[in-house]
Amino acid sequence: MFDAATSPGHSRRPLPPAQPPVRGVPDRPTPTAAQEQSRTARPGRQRDAFFDNAKYLAIVLVALGHSWSAIKTDNRALEGLYNVVYTFHMPAFIVISGYFSRSFDMRPDRLKRLVTGIAVPYLLFQIAYSLFRRYAGQADDPISLVSPYYLTWFLCALFIWRLTTPLWKLVRRPLPLALGIAMVGSVTPGLDDNLDLGRVLQFLPCFVLGLLLKPEHFALIRRPAVRVLSVPVFAAALAVGWWTVPRVDGGWFYRQSSAQDIGAPWWTGPLMTLAMFGCALLLTACFLAWVPGRRTWFTALGAGTLYGYLLHGFVVKGTLYAGGFDLAEQYGALGTVAVTVLAAAAVTVLCTKPVQRVFRFAMEPKMEWAFREDAAELARERQKQRETVGV
């Protein structure tokens, strides 16, 4: 594409004089060919490889943690590593979720995506996991939609957190307020009986922190100096994790139960809430410092982490019901290595494009039949189409 005013011509007629600018109307410079080509070549927002890498690595840690929980008995080193991973792997995932929820408001199209992308998958997988457990002969409880089972608590929590996003943008000091709410949750027994509110409240500061972060914060922790400092920090964390095994109740790492439910004095709840948040913040920064920012072989898998998260539970529970973890424990360290490798491989496969295509009906249902057409959304779609074709 070229501009007719600057193209070579064969007419000998003089060029018309330049027209004075119209008062009140700013000059609009003609885009260069490179700008026009860049605009048409990338009509949509380009994904950031760093965040896709971080999400994939975090979901691998989630799968490892769920697998280790079945074989960590009588293995102090593995249980210490398990405690370290549980200190930061879900906080890291939640911080990133909060960061990408910054633009959420009550606009109809975003509410629609909230329902189809979070609420509907929660309902489907809550029922699927309940039926799976029942037909595996593990339980005969009635299906409950208000008591999240196993992995589904995160979808329930994310739905609640995202709905409250406009409020966190409104208050003056959102993070101290979120920490205060989390501390209240740590001294309120029985919250995990309904919608797993114990974890919803105690993990809330991680989500609010993500809402407050800016790109320059992530650039800061990705500096080489931070990457180097993270090595002794993780080494110290592993030592502390080993120390905590016989001394600290594992319930604190799940952020699910109150201090009274764990059997600790009530005043330890707020103190442990602050301590766990501080440790999670430190280890999450160290974890993100080592996440590569370039495209790697697993970058594309970061777009399918919800698939890996929700589906790997069937693999873990199926292995548990079949006695696979008991067999692994008989082989000691070799069994632990085998479980670790297989868990990482399984969740990796579950994040791939073929798996996404098969299960998209449950994870990303269209559900056009359930919603009215929004005039504002239609107008935005038409505007995007015009920008794509360069009109």
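Residues numbered from 1 in each chain as written. Predicted model: local features only at pLDDT ≥ 70, side-chain atom pairs only at ≥ 80, totals over all residues. Heavy atoms only, no water.

(A) Expanded view of the packing of helix H3 (residues 76-99) against helix H5 (residues 153-163). Interhelical geometry of H3 versus H5 gives an angle of 35 degrees and a closest axis separation of 12 Å. Considering how the two elements wind past one another, H3 and H5 form a crossing that is right-handed. Every residue of H5 that contacts H3 at Met90, Phe93, Ile94 and Ser97 is listed here: Trp153, Phe154, Leu158, Trp161 and Arg162. The class makeup of the residues in the contact of H3 with H5 is seven nonpolar, one polar and one charged. (Axes fitted to C-alpha atoms, helices over the stretch in contact; angles between N-to-C directions. Helix = DSSP H or I, 4+ residues; strand = E, 2+ residues; numbered from the N terminus. Left-handed = near helix turned anticlockwise from the far one by under 90°. Contact = heavy atoms within 4.5 Å. Nonpolar A, V, L, I, M, F, W, Y, C, P; charged D, E, K, R; others polar.)

(B) Just the environment of Arg294, in detail. Along the polypeptide, Arg294 turns up in the loop between helix H14 (268-289) and helix H15 (305-321). Classification of Arg294 as exposed rests on a relative accessible area of 59%. Sequence-wise, Arg294 and Ala49 are 245 residues apart; in three dimensions their C-alpha atoms are separated by 6.0 Å. Ignoring sequence-local partners within four residues, the contact set of Arg294 consists of Ala49, Asn53 and Thr299. (Buried < 20%, exposed > 50% of the residue type's maximum accessible area, 1.4 Å probe, protein only.)

(C) Region of the structure containing unusual backbone geometry. The backbone of Asp74 shows a phi angle near 60 degrees, a positive value even though the residue is not glycine. Looking at the element boundaries, Asp74 is found in the loop between helix H2 (49-68) and H3. For Asp74, a relative accessible area of 80% translates into the label exposed. Positive phi, close to 50 degrees, is recorded for Asp196, a residue that is not glycine. Along the chain, the position of Asp196 falls in the loop between helix H7 (174-185) and helix H8 (197-202). A relative accessible area of 2% places Asp196 in the buried class.

(D) Representation of the nonpolar core within the structure. Grouped together as the largest cluster of nonpolar side chains are 82 residues, with contacts concentrated most on Ile59, Ile94, Trp153, Phe154, Trp161 and Leu288. Per element, the largest residue contribution to this core is 13 residues, and it comes from H3. Trp153 has contacts with Met90, Ile94, Pro148, Trp161, Asp196, Arg199, Phe203 and Tyr309, leaving out every residue within four places of it along the chain. (Core = buried A, V, L, I, M, F, W, Y, C linked by side-chain atoms within 4.5 Å.)

(E) Quick look at the pattern of salt bridges. Overall, the coordinates contain nine salt bridges when judged by the stated rule. A salt bridge links Arg47 to Asp52; the nearest nitrogen and oxygen atoms lie 2.6 Å apart. Note on Asp52: relative accessible area 5%, which makes it buried. For Asp109, the salt bridge goes to Arg107, with nearest N and O atoms at 2.7 Å. Taking the relative accessible area as the measure of exposure, Asp109 reaches 7% and is therefore buried. Since its relative accessible area comes to 26%, Arg107 is described here as partly exposed. Here the residues in one salt-bridge network are Arg47, Asp52 and Lys55, joined through shared partners. (Salt bridge = Lys/Arg side-chain N within 4 Å of Asp/Glu carboxyl O.)

(F) A look at helix H18 (residues 353-363). Considered for burial, the residues of H18 that qualify are Val355, Gln356, Ala362 and Met363. For H18, the angular spread of the buried residues around the axis is 95 degrees, confining them to a single face. Facing away from the buried side of H18 by over 90 degrees, the exposed positions are Arg357, Val358 and Phe361. Those residues of H18 that are buried are in contact with helix H4 (108-135), H15 and helix H17 (333-350). (Arc of directions from axis to C-beta.)

(G) Main features of the side chain of Ser97. Along the polypeptide, Ser97 turns up in helix H3. Setting aside residues no more than four positions away along its own chain, Ser97 makes contact with Phe154, Leu158, Arg162 and Phe207.

(H) The arrangement of the packing of aromatic side chains in detail. Applying the stated criterion across every chain yields a total of 27 aromatic pairs. A ring pair is formed by Phe51 and Phe100, whose centres lie 5.0 Å apart and whose planes are at 85 degrees; its orientation type is edge-to-face. Pair noted here: Phe51 is in helix H2 and Phe100 is in the loop between H3 and H4, with a separation of 49 residues, a long-range link. You can call Phe51 buried: its relative accessible area is 6%. By relative accessible area, which is 42% here, Phe100 ends up partly exposed. Centre to centre, the rings of Tyr86 and Tyr254 are 5.4 Å apart; their planes meet at 85 degrees, and the pair counts as edge-to-face. Of this pair, Tyr86 sits in helix H3 while Tyr254 sits in helix H12 (residues 251-254); the two residues are 168 residues apart in sequence, bridging distant segments of the chain. (Phe/Tyr/Trp six-rings, centres within 6.5 Å; stacked < 30°, edge-to-face > 60°.)

These figures capture arrangement, not role.
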